[in-house]
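Analysis of the macromolecular model
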Amino acid sequence: MSRDSANPVVHLELHTGDLGAACDFYARACGWHQERVAAAGRTYQALEMGNGLGGGVVECQTGRALWLPYVEVPEISGATERARELGAAVLLEPREGPAGWRSVVAAPAGGEIAFWQPKCYKK
């Protein structure tokens, strides 16, 4: 796969048990602007990380905070199935939201990644 055909990371999302402390740290340490967003009854802070990369912080029950990268793909079902064939566990099957579809997989060697197909895909 050439660099031009690689699927880009388009969003980073932090899952944490302490939204306030996490947002304060990243705002002060990195200068990231944050904005509270209503998201289906959950607490969510959107982050502007610079260079057009967006992100967010989700407060949830988690034993250890983790960053979840979102990789833009042209076709969510195909990307999810390809990951499954490569040995990944599918943690979230493709699901539609207001702006697109997402799925989440756990790689066999460790780590999680979300696939993202915007409703208006441009490549």
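This text gives an overview of the structure that appears in the document. (Residues numbered from 1 in each chain as written. Predicted model: local features only at pLDDT ≥ 70, side-chain atom pairs only at ≥ 80, totals over all residues. Heavy atoms only, no water.)

Here we look at the overall build of the chain
- The helix and strand tally for the chain stands at two helices and eight strands.
- Seen in sequence order, the chain has helices and strands lined up from the N terminus as β-α-β-β-β-β-α-β-β-β.
- Rg of the C-alpha trace for the chain: 15 Å, near the compact-globule value of 14 Å for 123 residues, within the 12% margin.
- For the chain, the spread of C-alpha atoms along the principal axes amounts to about 40 × 30 × 25 Å.
- Within the chain, buried positions represent 33% of all 123 residues.
- Taking the contacts inside the chain whose residues are at least 6 apart along the sequence as the reference set, 51% of them involve residues at least 24 apart.
- For the chain, the computed accessible surface area is about 7,700 Å², with 53% contributed by carbon and sulfur atoms. (Helix = DSSP H or I, 4+ residues; strand = E, 2+ residues; numbered from the N terminus. Rg over C-alpha atoms; globule rule 2.2 N^0.38 Å. Buried < 20%, exposed > 50% of the residue type's maximum accessible area, 1.4 Å probe, protein only. Contact = heavy atoms within 4.5 Å. Areas by Shrake-Rupley, 256 points an atom, 1.4 Å probe, with all protein chains shown as cover.)

Things to note about the pairing of strand β5 (residues 66–72)
- Inspection of the sheet shows strand β1 (residues 9–16) paired to β5 by six bridges, in the antiparallel sense. Bridging across to β5, His 11 finds its partner in Tyr 70. (Pairing = 2+ DSSP bridges.)

Focus: the side chain of Ser 103
- If you trace the backbone, Ser 103 turns up in strand β7 (residues 100–106).
- A polar contact is formed between the side chain of Ser 103 and the side chain of Thr 80, at a distance of 2.7 Å.
- Not counting chain neighbours up to four residues away, the residues in contact with Ser 103 comprise Ile 76, Thr 80, Leu 92, Glu 93, Pro 94, Ile 113, Ala 114 and Phe 115. (Polar contact = N/O pair within 3.5 Å; in protein donor to acceptor, adjacent residues only side chain to side chain.)

Topic: the pattern of salt bridges
- Inspection of every chain in the model, using the stated rule, returns four salt bridges.
- Taking the shortest distance from any N to any O, the salt bridge between Arg 28 and Asp 24 comes out at 3.6 Å. Here Asp 24 and Arg 28 lie together in helix α1 (residues 19–30), a separation of four residues that amounts to about one turn.
- Where Glu 93 meets Arg 84, a salt bridge forms, and the shortest distance between an N and an O atom there is 3.2 Å.
- Take Glu 93: its relative accessible area is 41%, and that puts it in the partly exposed class.
- A relative accessible area of 34% means that Arg 84 is categorised as partly exposed.
- Linked by salt bridges that have partners in common, Glu 81, Arg 84 and Glu 93 make up one network. (Salt bridge = Lys/Arg side-chain N within 4 Å of Asp/Glu carboxyl O.)

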